[in-house]
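Take a look at the letters that make up each chain.
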Amino acid sequence: MRAKKIVFFFPAFSSQEATAPLGILAVSTPLLRAGYQVRIVDSTITPNFQKRVLEELADALCLAVSLVTGPMIRETVQIARAAKALYPEKPVILGGWHPSLLPHQTLAAEYVDVVVQGQGEEALLEIVQRIEAGESFRGIAGAGYKEDGRLVFNAKRPLKPIREMPAKAYHLADFDAYQKVCGRRWAMYTSSLACPYDCAYCTNAGVYGRGWNALEPEQVAQETTELVSRYGLSLLWIVDDNFLVDRERALGIAEGLVRSGVRFEWSIQATTNLVARLSVDELKLLRRAGLSQIAHGAESGSPRVTKLMNKTFQNLGTIHEAASRLTEAGIRPSFNMIFGFPGETEEDRRMSVRLIMDVCRRYPGAEFWTNIFTPYPGSPVMERAFELGIDVPKSLEGWTDFFPRYTELPWLRGRKHARLQTMREYMRLAFSRVPIYGYRPHPVVRAVTGAVRATSRWRLDHDVYAWPFEIALNNTAKKLFPELPKPKVDASLLSSEPVTC
C-alpha cells in the first residue's frame, strides 16, 4: 500500500540567496493536520535531486511542484517527465504563480495531471484526499484536471483573507542546509496580501486581485519573534507586495517588536508615496524594531514612462523624499528600475540612469536593482502583446527563458540589448552591493572592483560603454579568485540584482 505521503519538488531559482520555499510550507500545513506525510526536495540543497524525488515517490500518492514563470520551469519539466515515465499512475500536480496565471496552457503539458489556481491550502488537501480515495477531482474549486483526454476546470476558489489562512509549516525547512549554501540563516514571511495599485507590468492582480488584506499587528509581532527565535534566523524578508498600506498597522508591528526584546533584521517592500508620508521619527521607530531595508518600485526616472506604467501615484519627488527620510532614519533605501518598457526612448533611459546616479550620490547607502522589462502572463501590459509584437510562448516550456536579467524584446535586440546589458554591468561596478547571502567576495575581487569604480561612474555619467575593460578585468578576477557558491540558476530570489552606493 502507498503511504499517506506527498512529495513536493521545488526547482532551483537561486543558490546564493536560498531559503525555504514559502508556498510549499503554506500548503503543507493542512496536509499535516489531516495526517499526511510531507517530503520536500529542493534541488538547490539536495544532491542528486532527481534520484531523491523518484525514490520518495515509490510509496507516495503524488508529486506536487511549486513554480513561478522563468528558469524554474526547466527542472520542473525534467522532474515531471521522469516521474511520469517511472510512475505513470501517480498524478503530477503543478501550483504556484505560473500555473495560476496560465492554467490551461500548463495543464495541456503531457506530463501534468492537475493544476491548482490561486491559494492552494484547501484545494491541494481536497485533491490529495481524492487521489487517496481513487475519486474524480470534479467539483474541487480552484482545480483543473484531465478527464478522458479533456482539460476540465472547476470553478475558481474564492480568495480567503490572510488572517483565515493556517500558519506555515516552517519546521519542515532544513535551515542548516540553506545556511551552508547561502551563508546566512534567513526566511521569508507574509503579513499581508495584494496591493491596491495597478502597475502595468505587475501580475499581482491576476492571483490576488486588488483587495489588500493583512494580519493584525499583534499576530505579526508574535509570529516573527517566535520564528527567528526558534530557528536562529538573522533576517526575515517580509514579502508583502506593499507593507505600508496601513500606516497605523505598520507602526503597531514595530511597537510590538520593540516590546518583545527579540532583535533581528527584517526587510519590506512598499511604494515611495507610502514611505514619504511617514515622519523620520516614525521611521526611526521601525529601525529600532529591526527594519533594515525598504525596497521600492521606482522603475523609471522618466515621468512619461512611469505614466505608461500606470504609476500615477508616484513621482520623482516621493523617490527622493523616501531616500532622504530613510537615510536619516538609518534604513537602507532600495529601488527597483525597469529598462526597456514599451515606449521607453533612449532619453528616457538616460533619465533613469541620472536618477540612479543622483540618488546614490546624495544618499550614501541607497541601492538600485535593475531589470529588463519582462512581459509576464497576467500583467495588464500583456493584453497588448500582439500589438507590441511580443511572441507569447505557446507551451509551458516556452516560458523557461522569461527572466528580467536577460529578456530580449522586439524593440530591444542585438546591439541595443548588448549595450543595455553593458550599462547594467557598469552599474554593478559603480556601486558596492549589500546582498542577502552571507559570503563575501575574495579580497582581490573586492580590490579590483574598488579600483574600477571611478571610471565606471564616469562611463555612466557620460553614456560611454565602448571597450569595457573594467568589466573584463572584474570578470577575470572573479574567475581566478572564486569564493561565492556558483548559483544553479543565474538569477536572484527577487528577480533583481541589488547594487548599493
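1. Brief notes about the overall build of the protein
Point 1. On a plain count of helices and strands, the protein comes out with 20 helices and 16 strands.
Point 2. Computed over its C-alpha atoms, the radius of gyration of the protein comes to 23 Å, within 12% of the 23 Å expected for a compact globule of 501 residues.
Point 3. Dimensions of the protein along its principal axes, counting C-alpha atoms only, are 65 × 55 × 45 Å.
Point 4. Burial status across the protein gives 58% buried among its 501 residues.
Point 5. Sequence-distant contacts, at least 24 apart, represent 77% of the contacts inside the protein between residues at least 6 apart.
Point 6. Carbon together with sulfur atoms contributes 53% to the accessible area of the protein, which is approximately 20,700 Å² in total.
Point 7. Counting 62 positive and 54 negative side-chain charges, the protein places the averaged centre of each group 3 Å from the other.

2. Examining the pairing of strand 13 (residues 291-299)
Point 1. Burial of strand 13 is extensive: nine of the nine residues sit out of reach of the surface.
Point 2. As judged from the four bridges shared by strand 12 (residues 265-269) and strand 13, these two strands associate in the parallel manner. In the sheet register, Ile268 faces strand 13, and the bridge partner there is Ile294.
Point 3. Alignment of strand 13 against strand 14 (residues 332-339), held across six bridges, turns out to be parallel. Bridge assignment links Gly297 to a residue of strand 14, and that residue is Asn336.

3. Some thoughts on the packing of helix 15 (residues 346-362) against helix 19 (residues 453-462)
Point 1. Where helix 15 contacts helix 19, the axes come no closer than 9 Å and their chain directions differ by 140 degrees. One way to sum up the angle between helix 15 and helix 19 is to call them oblique. Of the residues in helix 19, those touching helix 15 at Arg350, Val353, Met357 and Arg361 are Arg457, Leu460, Asp461 and His462.
Point 2. Partitioning the contact of helix 15 with helix 19 into residue classes produces three nonpolar, one polar and four charged.

4. Considerations on the sheet that holds strand 6 (residues 143-147)
Point 1. Reading across the sheet, the seven strands line up as 2-1-3-4-5-6-7 and stay open at both edges, with mixed pairing between neighbours. Across the chains shown, the open sheet's two edge strands, defined by having one partner strand only, are strand 2 (37-42) and strand 7 (150-153). Shown here is a sheet whose adjacent strand axes are inclined to one another by a mean of 20 degrees, direction ignored.
Point 2. Packed on one face of the sheet, helix 2 (residues 49-57) meets strand 1 (5-10), strand 2 and strand 3 (62-66) and runs near 165 degrees to strand 1.

5. Regarding the nonpolar core
Point 1. One finds Phe8, Leu31, Leu63, Ile93, Ile127 and Leu460 to be the most contacted residues of the largest nonpolar core, which totals 100 residues.
Point 2. Among the elements that take part in this core, helix 3 (residues 72-86) stands out by supplying seven residues, more than any other.
Point 3. Those residues in contact with Ile93, other than ones at most four positions away along the chain, are Cys62, Leu63, Ala64, Val65, Val114, Val116, Leu124, Ile127 and Ile131.
Point 4. Core analysis: the second largest hydrophobic core is formed by 55 residues, Ala221, Leu286, Ala289 and Ala329 among them.

6. Brief notes about the pairing of strand 15 (residues 367-372)
Point 1. Counting buried positions along strand 15 yields six of six residues, so the element is predominantly enclosed.
Point 2. Here strand 15 shows a buried face lined by Glu367, Trp369 and Asn371 and a second buried face lined by Phe368, Thr370 and Ile372.
Point 3. Note that strand 14 and strand 15 share six bridges and pair parallel. By the bridge assignment, Asn336 is partnered in strand 15 with Trp369.
Point 4. For the handedness criterion, the β-α-β arrangement of strand 14, helix 15 and strand 15 is classed as right-handed.

7. Overview of the confidence of the model for the protein
Point 1. For the protein, mean pLDDT is 92; residues scoring 70 or higher make up 95% of the total.
Point 2. Confidence drops under pLDDT 50 across residues 490-501; counting only partners more than four residues distant or on other chains, this segment forms 60 contacts.

8. Section: unusual backbone geometry
Point 1. Of note, Glu299 is a non-glycine position whose phi angle comes to about 70 degrees, a positive value.
Point 2. With respect to the secondary-structure elements, Glu299 resides in strand 13.
Point 3. At Asn310, a residue that is not glycine, the phi angle is positive and equals roughly 65 degrees.
Point 4. By the element assignment, Asn310 lies in the loop between helix 13 (303-308) and helix 14 (316-329).
Point 5. Among the residues examined, Asn310 registers a relative accessible area of 35% and is labelled partly exposed.

9. A word on the packing of aromatic side chains
Point 1. Under the counting rule described, the total for this entry stands at 10 aromatic pairs.
Point 2. Measuring from centroid to centroid gives 5.3 Å for Phe175 and Tyr231, while their planes differ by 40 degrees, and the two rings are tilted. Separated by 56 residues along the polypeptide, Phe175 in helix 7 (residues 175-182) and Tyr231 in helix 9 (residues 217-231) bring together distant segments of the chain. Grouping residues by exposure puts Phe175 and Tyr231 together as buried.
Point 3. In this structure an aromatic cluster arises from ring pairing among Phe341, Phe373 and Trp411.

10. With respect to the pattern of salt bridges
Point 1. With the rule as written, the count across this model stands at 36 salt bridges.
Point 2. One salt bridge in this structure joins Lys4 and Glu132, with 3.1 Å as the shortest N-O distance. With Lys4 in the segment before strand 1 and Glu132 in helix 6 (residues 121-133), this residue pair connects regions lying 128 residues apart in the sequence.
Point 3. Residue classification places Lys4 among the partly exposed positions, given a relative accessible area of 30%.
Point 4. Salt bridges here are not isolated pairs; linked through shared partners, they connect Glu344, Glu346, Arg349, Arg350, Arg419 and Asp463.

11. Section: the environment of Val464
Point 1. For Val464, the location among the structural elements is in the loop between helix 19 and helix 20 (469-480).
Point 2. On the basis of relative accessible area, Val464 is assigned to the partly exposed category, the value being 32%.
Point 3. For the pair Val464 and Met423, spaced 41 residues apart in sequence, the C-alpha separation works out to 8.7 Å.

Reading the values: rules and limits
- Residues numbered from 1 in each chain as written.
- Predicted model: local features only at pLDDT ≥ 70, side-chain atom pairs only at ≥ 80, totals over all residues.
- Heavy atoms only, no water.
- Helix = DSSP H or I, 4+ residues; strand = E, 2+ residues; numbered from the N terminus.
- Rg over C-alpha atoms; globule rule 2.2 N^0.38 Å.
- Buried < 20%, exposed > 50% of the residue type's maximum accessible area, 1.4 Å probe, protein only.
- Contact = heavy atoms within 4.5 Å.
- Areas by Shrake-Rupley, 256 points an atom, 1.4 Å probe, with all protein chains shown as cover.
- Lys, Arg positive; Asp, Glu negative; His and termini not counted.
- Charge placed at Lys NZ, Arg CZ, Asp CG, Glu CD.
- Pairing = 2+ DSSP bridges.
- Axes fitted to C-alpha atoms, helices over the stretch in contact; angles between N-to-C directions.
- Parallel < 35°, antiparallel > 145°, perpendicular 65-115°, else oblique.
- Nonpolar A, V, L, I, M, F, W, Y, C, P; charged D, E, K, R; others polar.
- Core = buried A, V, L, I, M, F, W, Y, C linked by side-chain atoms within 4.5 Å.
- Right-handed = clockwise from strand over helix to strand, strands pointing away.
- pLDDT = per-residue confidence, 0-100.
- Phe/Tyr/Trp six-rings, centres within 6.5 Å; stacked < 30°, edge-to-face > 60°.
- Salt bridge = Lys/Arg side-chain N within 4 Å of Asp/Glu carboxyl O.

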